[in-house]
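Next come the chains, spelled out residue by residue.
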Amino acid sequence: MCGRYVNSRSPEDLGVEFDVDQSVLSERLAPDYNIAPTKRIYAVLDRPGDAPERQLRVVTWGLVPSWAKDRSGAAKLSNARIETAAEKPSFARAFKSRRAVVPADGYFEWRRQDGGVKQPFYLHRSDDRPLHLAALYELWRDPTREAGHPDAWWWSATILTTESTGALRDIHDRTPLTVRPGALDAWLDPAQNNPDEARSLLSPATDELVARPVSTLVNSVRNNGPHLLEEYVEAAPTLF
């Protein structure tokens, strides 16, 4: 799974990185080193039209299907399994034409130690290049808002995951998916509606990553800051 992640980059940097046509930002997000479900996050997506427009948007982490009665179940839909996302009612419409990328510096995962204590690890690329996490987004019409109200439509997203392989399985059995190099345009293309072709554009993050143990301070969402990424020297040695 992917339950906490980090993004420290500005919207300006993300706009250049993803060749964004328009930044549609309801707010400017500060660097966040402990992003949890229900928080506001950046997502990159292509909106349909005669010429699809690439946008950087602020959305909420935790998908609200378009048919949902309310937003109460969003936190439970922060991740979607790639094995079932194209068929599961909560994600099927989004998988068909509303795919996105969530930019991340890295993410956290927990491994159960002797005695039942969970040791957190920070997983990131060895060259510290950003991860392009594969995601889906949705729009939900808030019936309590009048048409034209800036919050009449609720934007939300979920991060796609798959089975872990290699050394990462020692930490957790699930890992987020990333968009393959050179496949960004095809993944975001709203006209690409073949599930098998869409899945072929993704790969597990496992092979790109290194992991280091960090302090259990990250366990609380109240804690934030770059100190959360520092190696916890009293923990077990790094795995890979």
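Residues numbered from 1 in each chain as written. Predicted model: local features only at pLDDT ≥ 70, side-chain atom pairs only at ≥ 80, totals over all residues. Heavy atoms only, no water.

**Some words on the nonpolar core**
Link 1 in the chain: Core analysis: the largest hydrophobic core is formed by 30 residues, its most contacted members being Phe95, Val101, Leu136, Leu160, Trp187 and Leu202.
Link 2 in the chain: Residue assignment for this core shows that the elements contributing at least two residues are β4 (40–47), β5 (53–61), α2 (92–97), β10 (131–141), β12 (174–179) and α3 (184–188).
Link 3 in the chain: Ranked by residue count, the leading element in this core is α3, at three residues.
Link 4 in the chain: The residues contacting Trp187, other than those within four sequence positions of it, are Phe95, Arg99, Ala100, Val101, Ala134, Ala135, Leu136, Leu160, Val179, Ala198, Leu201 and Leu202.
Link 5 in the chain: Counting residues in each nonpolar core, the second largest holds 27 residues, with Ile35, Ala135, Trp155 and Ile159 among its members. (Core = buried A, V, L, I, M, F, W, Y, C linked by side-chain atoms within 4.5 Å. Buried < 20%, exposed > 50% of the residue type's maximum accessible area, 1.4 Å probe, protein only. Helix = DSSP H or I, 4+ residues; strand = E, 2+ residues; numbered from the N terminus. Contact = heavy atoms within 4.5 Å.)

**Some words on the environment of Leu139**
Link 1 in the chain: Relative to the elements of secondary structure, Leu139 occurs in strand β10.
Link 2 in the chain: When the C-alpha positions of Leu139 and Ala152 are compared, they lie 9.8 Å apart, and in sequence the two are 13 residues distant.
Link 3 in the chain: Apart from the residues within four sequence positions on either side, Leu139 is in contact with Arg47, Ser66, Arg98, Trp153, Trp154 and Trp155.

**A look at the packing of aromatic side chains**
Link 1 in the chain: Counted by the stated rule, this structure contains four aromatic pairs.
Link 2 in the chain: Between Phe95 and Trp187, the aromatic rings sit 6.2 Å apart at their centres with planes inclined by 80°, giving edge-to-face as the arrangement. Note that Phe95 is positioned in helix α2 and Trp187 in helix α3, a separation of 92 residues in sequence. As far as burial versus exposure is concerned, Phe95 and Trp187 are alike and both buried.
Link 3 in the chain: For the pair Phe108 and Tyr122, a centre-to-centre distance of 5.3 Å together with 45° between the ring planes defines the contact as tilted. You can see Phe108 sitting in strand β8 (residues 106–112) and its partner Tyr122 sitting in strand β9 (residues 118–125), a full 14 residues away along the chain. (Phe/Tyr/Trp six-rings, centres within 6.5 Å; stacked < 30°, edge-to-face > 60°.)

**A look at the pairing of strand β11 (residues 153–163)**
Link 1 in the chain: With respect to burial, β11 is a largely interior element, eight of its 11 residues being buried.
Link 2 in the chain: Note that β5 and β11 share two bridges and pair parallel. Paired with Thr60 across the bridge in β11 is Ser156.
Link 3 in the chain: When strand β6 (residues 79–81) meets β11, the two strands line up parallel, connected through three bridges. If you follow Arg81 over to β11, its bridge partner there is Thr161.
Link 4 in the chain: Sheet topology places β10 next to β11; seven bridges connect them, and they run antiparallel. If you follow Arg141 over to β11, its bridge partner there is Trp153. (Pairing = 2+ DSSP bridges.)

**A few points about the side chain of Asp105**
Link 1 in the chain: Its location among the elements puts Asp105 in the loop between β7 (99–104) and β8.
Link 2 in the chain: Residue Asp105 is classed as buried on the basis of its relative accessible area of 16%.
Link 3 in the chain: Side-chain polar atoms of Asp105 contact the side chain of Ser8, separated by 2.5 Å.
Link 4 in the chain: The contacts of Asp105, once residues within four sequence positions are left out, are Val6, Asn7, Ser8, Arg9, Tyr122 and His124. (Polar contact = N/O pair within 3.5 Å; in protein donor to acceptor, adjacent residues only side chain to side chain.)

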